[in-house]
Amino acid sequence: MLRLDKVILHIVILYVIFLIGDWIQQTLNLFIPGSVVGMIILLILLLSNIIKLSWIEEGTKLFVNHLTLFFIPATVGVINYLEIFTGKGLLVIGIILVSTALVIGISAKVSQWIIRKKELQHE
Amino acid sequence: MSNLLIGITAIVGTLAVYLFTWKLHKKIVSPLTLPIFLGSIIIIMILAVFDIPYDTYMVGGEWINQLLGPAVVALAYPLYMQRNLLKQLIVPILCGTITGSTIGVASGILLAGWSGVDDYIIYSLVPKSVTTPVSMIIADSLGGVMSLAAVFVVIAGIGGVIMSPLVFKLFKVDHVIGRGVGMGSGSHAMGTAHSMEHSQLEGSISSVAMVLSAIVVSFIAPILVSLLM
């Protein structure tokens, strides 16, 4: 059973790191979002053992496993933009599919090319 | 009804719909039962049937929305758990992800620009290959619309999973690392779930590529937008 007090403490820690990331983003006027800065900070703190995994594990796991919940309310906002799926909007869907196929194909191809070159060197 | 009561109803209702679709998706595994897809549709239908404005719903929804930031921070966890894989394969994964993401963002901006859609739609589709919480935040900071960004992410996710066998054939990709990087970079969490069905290794690589591409796109999106628009 998850301990609620532990989970809440973990979420508070995540929130504080998010606020620090946001503060850094605003102070340095960075163009990447504060939450992404926070993610990088947490990764560095974990890798350098400054934050122990056990300090944040349960709450973080819960967050990652139920990530979807947090973006349902904003997604529902599409209710105000339903006209996007008519006329020119359908073109947008086509563009997204073409562009996505390019991302998948090219990123896969590039990493496969590098790994095959490495494998050849090891042989 | 007081704002507090409306807020609590919206929060409890969203939680209930989410838990219902989450359980359903465990029983019936399909893109159509994904909580982001089915859950959002159920809430949209409830709002439409009872004629509730979105702004009223967001009195409570905003509270859940506020947790997007810490949710993005939490993504450091899967990356940390895969740190050994990350150390071993950082070069091929990062090179693939950077190239793919750059082409994804650039092709989105250029194709949408040529098609003549409004700028806010272009800003919303720029981060489409990135996991939803990060995508929404990137779209928002560019001047796009969060909810459109979320919908475009779902289209890229489901579309990418469906197109992937054909794409891999076309690009002659058969290596497990290539496939994992492709699915994570192009179709985020949905691609990762799809990769997991093939193998644990492909899924883990995909999850690493997903988080790295979120970081990469948040760096390159503002640059490419100012260069290409």
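Starting from 1, residues in each chain are numbered consecutively following that chain's sequence as written. Chain letters and ligand numbers both follow the written order, the letters beginning at A and the numbers at 1. Predicted model: local features are reported for residues with pLDDT of at least 70 only, side-chain atom pairs are reported and counted for 80 or more only, and whole-chain, interface and lining totals are derived from all residues. Hydrogens are left out, water is left out, and the side-chain values use all remaining heavy atoms of the structure.

A. Up close: the side chain of Ser40 of chain B. Secondary structure is summarised from DSSP: a helix means a run of H or I of at least four residues, a strand means a run of E of at least two, and numbering begins at the N terminus for each. One can find Ser40 of chain B in helix H2 (residues 35-49). For every residue, the accessible area obtained with a 1.4 Å probe (protein chains only) is divided by the maximum for its type, and the residue is called buried under 20%, exposed over 50%, and partly exposed between those limits. Ser40 of chain B gets classed as buried once you look at its relative accessible area, which sits at 4%. Note on contacts: a residue pair is in contact if any heavy atoms of the two residues lie within 4.5 Å. Apart from residues no more than four positions distant in its own chain, Ser40 of chain B is found in contact with Ile72, Thr75 and Val76 of chain A together with Pro35 of chain B.

B. Structural detail: the pattern of salt bridges. Residues and elements named next belong to chain B. Between Lys or Arg on one side and Asp or Glu on the other, a salt bridge is scored when a side-chain nitrogen of the former is within 4 Å of a carboxyl oxygen of the latter. Summed over all chains, the structure comprises three salt bridges over all chains. Ionic pairing is found between Glu202 and Arg179, a salt bridge with its closest N-O pair at 3.4 Å. Placement of the pair is Glu202 in helix H11 (residues 200-228) and Arg179 in helix H10 (residues 176-198), with a sequence separation of 23 residues.

C. Region of interest: the confidence of the model for chain A. Residue-level confidence of the predictor, termed pLDDT, takes values from 0 up to 100. Averaged over every residue, the pLDDT of chain A is 89; the share at 70 or more is 98%. Within chain A, helix H4 (residues 67-76) of chain A has the poorest average pLDDT of any element, 86, and helix H2 (residues 34-47) of chain A the best, 93.

D. Summary view of the nonpolar core. Here the nonpolar core consists of buried residues drawn from Ala, Val, Leu, Ile, Met, Phe, Trp, Tyr and Cys, with membership extended through side-chain atoms lying within 4.5 Å. Leu42 and Val76 of chain A together with Tyr57, Ile93, Ile121, Val134 and Phe152 of chain B are the most contacted members of the largest nonpolar core, which has 102 residues in total. Broken down by element, the residue count for this core peaks at 14 residues, all from H11 of chain B. If we ignore the near neighbours within four places in the chain, the residues touching Leu42 of chain A are Leu14, Ile17, Ile51 and Ile56 of chain A together with Val73 and Ala76 of chain B.

E. Looking closely at the interface of chain B and chain A. Each partner contributes residues to the interface: chain B has 94 residues there, and chain A has 69 residues. Interface area, chain B with chain A, both sides summed: about 7400 Å², of which 82% is carbon and sulfur. Put simply, buried area is how much 1.4 Å-probe accessible surface two parts lose in total, over both of them, once they are put together. When the area that chain B buries against chain A is broken down by residue, the three leading residues are Val73, Tyr77 and Tyr80 of chain B, summing to 10%. Linking Arg116 of chain A and Asp174 of chain B is a salt bridge whose minimum nitrogen-to-oxygen distance equals 3.0 Å. In terms of residue count, the dominant contributor to the side of chain B that touches chain A is helix H6 (residues 83-115) of chain B (18 residues). Considered class by class, the residues forming the side of chain B that touches chain A number 62 nonpolar, 28 polar and four charged. The nonpolar class holds Ala, Val, Leu, Ile, Met, Phe, Trp, Tyr, Cys and Pro. Asp, Glu, Lys and Arg form the charged class, and all remaining residues, Gly among them, are polar.

F. View of the domain arrangement of chain A. Splitting chain A by domain gives domain 1 (1-65) and domain 2 (76-123). The source of the domain bounds is an automatic or database domain assignment. For domain 1 of chain A and domain 2 of chain A, the distance between their C-alpha centroids amounts to 29 Å.

G. Quick peek at the domain arrangement of chain B. All names here are of chain B. If you check the domain split of chain B, you get domain 1 (3-66) and domain 2 (74-228). A straight line from the C-alpha centre of domain 1 to that of domain 2 covers 25 Å. Between domain 1 and domain 2, the residue contacts involve six residues of the former and five residues of the latter. In total, domain 1 and domain 2 occlude about 420 Å² of area from one another, counting both sides; carbon and sulfur atoms represent 86% of this. When the buried area of domain 1 at its contact with domain 2 is split by residue, Pro31, Leu34 and Ile36 rank highest and sum to 60% of it. Run the count over domain 1 and domain 2 and you get zero salt bridges. Pairs of N or O atoms within 3.5 Å make up the polar contacts considered here, provided that, within protein, one atom can donate a hydrogen while the other can accept it, and that residues adjacent in sequence are counted only when both atoms are side-chain atoms. Taken together, the connections running from domain 1 to domain 2 amount to zero residue pairs in polar contact (both at pLDDT 80 or more). Class assignment for the residues of the side of domain 1 that touches domain 2 results in five nonpolar, one polar and no charged.

H. Expanded view of the packing of H6 of chain B against H11 of chain B. Residues and elements named next belong to chain B. Geometry is summarised by axes, namely lines fitted to C-alpha atoms with helices restricted to the contacting stretch, and by angles between N-to-C directions that run from 0 to 180 degrees. Here H6 crosses H11 at 40°, and the two axes come no closer than 7 Å. Between H6 and H11, the interaxial angle falls into the category oblique. Between H6 and H11 the crossing geometry is right-handed. Considering only residue class, the contact of H6 with H11 consists of 22 nonpolar, five polar and no charged. Oblique is the label for any angle not under 35 degrees, not over 145, and not in the 65 to 115 range, which are roughly parallel, roughly antiparallel and roughly perpendicular in turn. Working rule for handedness: look at the near helix, and if it is turned counterclockwise from the far one by less than a right angle, call the crossing left-handed; if clockwise, right-handed.

I. Expanded view of the packing of helix H1 (residues 4-28) of chain A against H2 of chain A. All names here are of chain A. Between H1 and H2, the shortest axis-to-axis distance is 7 Å and the interhelical angle comes to 120°. Classified by the angle their axes make, H1 and H2 are oblique. For the pair H1 and H2, the sense of crossing is right-handed. Contacts between H1 and H2 involve Leu14, Ile17, Phe18, Ile20, Gly21, Asp22, Ile24 and Gln25 from the former and Gly34, Ser35, Val37, Gly38, Ile41 and Leu42 from the latter. Along the lines of polarity and charge, the residues of the contact of H1 with H2 split into eight nonpolar, five polar and one charged.

J. Here's a closer look at the environment of Val134 of chain B. Relative to the helices and strands, Val134 of chain B is located in helix H8 (residues 132-142). With a relative accessible area of 1%, Val134 of chain B lands in the buried category. Between the alpha carbons of Val134 of chain B and Leu68 of chain B there is a distance of 8.4 Å; along the sequence they are 66 residues apart. Once you skip the residues sitting within four places of it in the chain, Val134 of chain B turns out to touch Val36 of chain A together with Val72, Leu75 and Ala214 of chain B.

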